[in-house]
Amino acid sequence: MNLGFFGVIDVAIVVVVIGFAVLGWKKGFLLKIVKMASGVFGLIGSLILARPFSGLLDKWFGEAINTRIGEYLLSRSDQFALGLTEANVRQAFEGMSLPQFIVDWIVGGIDFDQIGMSIVEAIQPGIKGLVLLVLAFIILFFGSMIVFFFLKILAKMVTSIPVIKQIDKVLG
């Protein structure tokens, strides 16, 4: 019996499908769905809700974060207190070991027509927004993981009922 190349692939696919069927039978449908949904919905939900939630975080912590950013930048280099020109901004970020694309991104987001403003005053809102957005994403993602953890416990409790357990195994 000569299976050939595609015959071997077909056999491998059948073995993998049988393996997944056995795993589904052992773990059950409901628990697998909750596990898969936790990562997908946690990531998608966090991405969608991060911007609105960062606005809420801004109301709570925005001023404190803004102050800390200003203090940090001024402690790193006195050049951040200089006048707002592109050359001054690039020179101020030179000693911070940032990748060039980040420095270019920061410089691209600054309106250099603002007269009488220091570098720190010009870049603080952008950095604060980025910090709040990242913080919001992290809080939402891990919060959703905690919610799905409790849903997984609930699913285990529900699937311990004999009739539901059998239906769950068949669906799995």
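The structure under discussion appears in the preceding block.
What you see is a predicted model; the values in this text were computed from it and never measured. (Residues numbered from 1 in each chain as written. Predicted model: local features only at pLDDT ≥ 70, side-chain atom pairs only at ≥ 80, totals over all residues. Heavy atoms only, no water.)

### Concerning the packing of aromatic side chains
And step 1. Inspection of the entire model under this criterion finds 5 aromatic pairs.
And step 2. Taking 6.3 Å as the distance between ring centres and 80° as the angle between the ring planes, the aromatic pair formed by W60 and F61 counts as edge-to-face.
And step 3. Taking the relative accessible area as the measure of exposure, W60 reaches 54% and is therefore exposed.
And step 4. Considering the side-chain rings of F137 and F141, the 6.0 Å spacing of their centres and the 15° angle between planes classify their relative orientation as stacked. Taken as a pair, F137 and F141 lie in helix α5 (residues 119-158) at a separation of 4 residues, close to a single helical turn.
And step 5. Taking relative accessible area as the criterion, F141 reaches 21% and is therefore assigned partly exposed.
And step 6. The structure contains a cluster of three or more aromatic residues connected by ring pairs, namely F137, F141 and F142. (Phe/Tyr/Trp six-rings, centres within 6.5 Å; stacked < 30°, edge-to-face > 60°. Buried < 20%, exposed > 50% of the residue type's maximum accessible area, 1.4 Å probe, protein only. Helix = DSSP H or I, 4+ residues; strand = E, 2+ residues; numbered from the N terminus.)

### Here's the deal with the pattern of salt bridges
Any two side chains of opposite charge can pair, so long as their charged atoms come close to each other.
And step 1. Evaluation of the coordinates by the stated rule reveals 3 salt bridges.
And step 2. In this structure, the salt-bridge partner of K128 is D58, at a minimum N-O distance of 3.2 Å. Here D58 lies in helix α2 (residues 29-76) and K128 lies in helix α5, a separation of 70 residues in the sequence.
And step 3. Put simply, E86 and R90 hold a salt bridge, and the shortest N to O gap is 3.2 Å. Of this pair, E86 and R90 are both found in helix α3 (residues 86-94), 4 residues apart, which corresponds to roughly one turn of the helix.
And step 4. Note on E86: relative accessible area 39%, which makes it partly exposed.
And step 5. On the basis of relative accessibility, which here comes to 29%, the residue R90 falls in the partly exposed class. (Salt bridge = Lys/Arg side-chain N within 4 Å of Asp/Glu carboxyl O.)

### Thoughts on unusual backbone geometry
And step 1. Residue S97 is not a glycine yet carries a positive backbone phi of 55°.
And step 2. Considering the arrangement of structural elements, one finds S97 in the loop between α3 and α4 (100-108).

### Quick look at the packing of α3 against α4
And step 1. Contact geometry of α3 with α4 gives a least axis separation of 11 Å together with a crossing angle of 145°. Judged by the sense of rotation from one axis to the other, the crossing of α3 with α4 is right-handed. Facing α3, whose interface residues are E86, V89, R90 and F93, α4 presents Q100, V103, D104, I106 and V107.
And step 2. Of the residues that constitute the contact of α3 with α4, the class distribution is 5 nonpolar, 1 polar and 3 charged. (Axes fitted to C-alpha atoms, helices over the stretch in contact; angles between N-to-C directions. Left-handed = near helix turned anticlockwise from the far one by under 90°. Contact = heavy atoms within 4.5 Å. Nonpolar A, V, L, I, M, F, W, Y, C, P; charged D, E, K, R; others polar.)

### What to know about α4
And step 1. Of all the positions in α4, only V103, I106 and V107 are classed as buried. The buried residues of α4 occupy one face: seen down the axis, they fall within an arc of 100°. In α4, the exposed positions that point more than 90 degrees away from the buried face belong to F101, W105 and G108.
And step 2. In this fold, the buried residues of α4 make contact with α3 and α5. (Arc of directions from axis to C-beta.)

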